[in-house]
Each structure stands twice: as C-alpha cells, then as structure tokens.
Amino acid sequence: MTPEALLDGVLHGEPVAQRRAIAKAITLLESTRTDHRAQGDALLTALLPHTGQSFRLGISGVPGVGKSTFIEALGLFLIQQGHRVAVLTVDPSSTVSGGSILGDKTRMEHLSVHPQAYIRPSPSSGTLGGVAEKTREAMLVCEAAGYDIVIVETVGVGQSETAVAGMTDMFVLMQLPNAGDDLQAIKKGVMEIADLVAINKADIDKNAATRAEAQITSSLRLLGMHGNPDHAAHGALWQPRVLQISALLGQGVDGFWDAVTLYRSMQTGNGRLALRREQQALAWMWERIDAGLKSAFRQHPRVRELLPALRADVAAGRIAASTAARNLLAAQSGQALPAID
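As the structure is a computational prediction, the values presented were derived from the model and not from experiment.

The contact between helix α1 (residues 3-12) and helix α2 (residues 15-30) brings their axes to 8 Å, and the two run at 130°. Regarding the angle of α1 to α2, the classification is oblique. The handedness of the crossing between α1 and α2 comes out as left-handed. Of α2, the residues touching α1 (which contributes L6, G9 and V10) are Q18, A21, I22, K24, A25 and L28. Looking at the contact of α1 with α2, its residues break down into 6 nonpolar, 2 polar and 1 charged.

Printed below as a string of structure tokens:
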C-alpha cells in the first residue's frame with residue numbers, strides 16, 4: 001500500500017480494512033530502510049492533526065505479575081463503557097538470536113478478536129526502558145484511527161526501566177503481594193514515578209495484599225514529599241494511590257478505572273496533562289536526534305573504514321576503548337587523528 005492509501009485506510013477505512021492499514025502503517029514506521037523512513041515520516045506528519053484525543057495509559061510490572069490478563073479484563077470493561085481500545089505490547093528480544101516470541105495476544109484471546117479493540121505486539125529489539133523504539137509512533141497511528149484509549153504494556157521491567165512513563169498520560173505499576181520488604185518499597189526508580197499502583201492477585205493471599213497496600217501507600221507518600229514534583233504533597237496535585245485487584249477474577253477493575261478517570265479529570269483541569277505531553281514531545285525529539293546521530297555515525301565512510309582495525313586493537317588490548325572512541329569521533333567530524341606513540 002502507498003503512504004496515501006495507508007493514510008486513507010487509517011483515517012476512513014472500514015473496520016477490517018482499517019485494521020490492516022494500521023498494521024501496515026506501524027510496520028512501515030518500524031522499518032529501518034531509508035526509503036521507508038522517509039515515507040513513514042510523511043505518513044506520521046499527515047496523521048498528526050488527527051491525534052491527541054485519546055488517553056494514554058502505561059502499564060508496567062515484573063514478569064508474571066499478570067499485566068496481560070489485567071489488560072484484557074480492563075479492555076473488555078472499557079469496551080462495554082463505549083470506548084475503543086488499542087493495546088501496544090512489547091516483547092523482549094533474545095540477546096542470542098535477536099528473535100522475539102510476540103505472544104502477548106495469545107493471553108488476550110477475547111480482547112484480540114473484539115472489533116472495538118486492536119492489539120499490536122512489537123519486539124524490544126535491544127531498546128532499553130521496557131518499550132520498543134517506535135512505540136510512540138504506533139501510539140499516534142492508533143489515536144488517528146479513532147481509538148480513544150491506548151494502553152502500552154511494557155516488557156517485564158526492573159527498577160530503572162521507566163521509559164513508558166515518558167510517553168503516556170498515566171503510569172500504572174502492577175505489584176504482587178509479598179513482593180518485597182519495606183526497604184524494597186521505598187527504593188527510588190520505577191516506584192517513584194508511578195501514578196497508581198495496582199496489587200494484582202490479591203485473591204490468593206488477602207492478608208499479604210493488605211500488608212503490601214499499607215507498605216506501598218506509606219512509601220508513595222514519602223517519595224511524593226521528596227521525589228516526583230507531580231506527586232508533591234501540596235495543592236490539588238494528584239496523590240498516587242494503591243488498589244487491590246484480581247485480574248483473573250475481574251475484581252477491582254471498575255474501581256481501578258474510577259481512579260484513572262479521577263486522575264485524568266484532575267490533571268486536565270490543572271493543566272498538568274497538557275504540560276506533560278509538551279515535555280514528552282520535546283523529549284521524543286531529542287531521543288530521535290540521539291538515535292539519528294548514532295546511525296549517521298555508524299554509516300560514515302571514514303568511520304566504517306577505521307572501525308575494523310580499531311575494534312581489533314581494542315579487543316587485543318593494544319589501545320584503550322575510550323581512545324578508540326575518540327579517534328572514531330574525530331574521524332567523523334573530519335578532525336586529524338591524534339598521534340599515537
């Protein structure tokens with residue numbers, strides 16, 4: 001399909017044709033071919049005026065916490081409320097083979113076939129932070145297609161993988177009962193930027209879930225006073241809260257969405273939501289600049305000429321890695337290489 005046909009299909013296609021156009025548009029945006037990147041940029045620019053009306057929800061948590069099960073329960077609940085739901089899932093890529101299973105749709109067997117839902121799994125492809133390189137672009141395509149709720153499910157993350165918070169309107173962290181002690185709960189990182197914490201599988205051990213709720217609530221209050229300015233304990237700013245849910249049984253989904261709706265209303269009313277998106281757009285620009293500079297560096301003729309010998313010297317211990325890096329950077333910028341005795 002041409003970019004023009006993709007644009008028309010995403011914006012005006014019939015349901016089946018629109019889903020196909022969305023899939024092809026995201027594939028085009030994820031492509032690393034130079035000609036595809038130019039076409040993708042043109043497509044994204046044309047879609048941009050039709051974006052920005054959805055609510056972007058990021059959901060993260062450790063592997064096995066039940067993210068996919070909860071997202072299916074939440075998605076079906078939202079569709080019953082009249083919403084159209086897009087889910088962007090990120091699957092870890094193998095560091096050995098480079099492949100990815102992309103199996104999250106199999107855990108959402110009911111939501112994946114619903115006509116009011118769209119699910120797109122993408123490989124992380126070495127991108128850090130729990131998301132894929134083109135997750136933001138995929139989000140904009142879904143928004144332009146009329147999905148008013150876009151959910152981003154991250155790779156099972158650790159404490160430092162927080163990129164999803166930089167591209168969504170609300171960041172939800174899912175936790176398990178008995179997932180750590182008091183000290184674990186106050187460690188800075190992913191907990192510090194969570195807007196809402198959901199303790200899943202609360203039906204398995206109600207007492208443990210209640211203890212975890214109390215611990216995390218206390219930790220969020222402490223982190224709010226000394227960490228994230230959006231969570232500062234003053235004025236009418238949002239105070240992160242903790243909820244108990246059971247995704248498997250569908251318990252607590254309505255209360256979860258009530259909290260999300262309240263957050264959205266408060267952040268829209270005080271202007272924080274618009275400011276957050278402005279900051280995210282600027283951060284996205286610099287992120288793409290960094291990626292573009294790295295790509296241009298690798299493709300530079302002089303760098304490609306010098307790289308094999310310098311790699312061999314670094315591997316053999318004949319030259320320090322930092323010196324090799326400076327030599328390559330100097331070669332790219334056209335500077336004379338420093339003399340080595």
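So, next bit.
Looking now at the packing of helix α5 (residues 135-144) against helix α9 (residues 272-299). Here α5 crosses α9 at 130°, and the two axes come no closer than 11 Å. In this view, α5 runs oblique relative to α9, as classed from their interaxial angle. Residue-level inspection shows R136, E137 and L140 of α5 in contact with α9, the latter providing W284, E287 and R288. The class makeup of the residues in the contact of α5 with α9 is 2 nonpolar, no polar and 4 charged.

Core analysis: the biggest nonpolar cluster contains 41 residues, and V10, I22, V141, C142 and V197 have the highest contact counts within it. In this structure I22 touches V10, Y118, V141, C142, A145 and Y147, once residues within four positions along its chain are discounted. V87, A117, I151 and W238 belong to the second-largest nonpolar core, a separate cluster that totals 33 residues.

This next bit is on the side chain of D195. Note that D195 resides in the loop between α6 (182-185) and β6 (196-199). The class for D195 is buried, based on a relative accessible area of 3%. Within polar-contact distance, the side chain of D195 engages the side chain of R276 at 3.3 Å.

Here we come to the pairing of β6. Residue alternation in β6 divides its side chains into two sets, L196 and A198 and V197 and I199, and both sets are buried. Direction of pairing for strand β5 (residues 170-175) relative to β6: parallel, over a ladder of 4 bridges. Bridge assignment links L173 to a residue of β6, and that residue is V197.

The rules behind these values
- Residues numbered from 1 in each chain as written.
- Predicted model: local features only at pLDDT ≥ 70, side-chain atom pairs only at ≥ 80, totals over all residues.
- Heavy atoms only, no water.
- Axes fitted to C-alpha atoms, helices over the stretch in contact; angles between N-to-C directions.
- Helix = DSSP H or I, 4+ residues; strand = E, 2+ residues; numbered from the N terminus.
- Parallel < 35°, antiparallel > 145°, perpendicular 65-115°, else oblique.
- Left-handed = near helix turned anticlockwise from the far one by under 90°.
- Contact = heavy atoms within 4.5 Å.
- Nonpolar A, V, L, I, M, F, W, Y, C, P; charged D, E, K, R; others polar.
- Core = buried A, V, L, I, M, F, W, Y, C linked by side-chain atoms within 4.5 Å.
- Buried < 20%, exposed > 50% of the residue type's maximum accessible area, 1.4 Å probe, protein only.
- Polar contact = N/O pair within 3.5 Å; in protein donor to acceptor, adjacent residues only side chain to side chain.
- Pairing = 2+ DSSP bridges.

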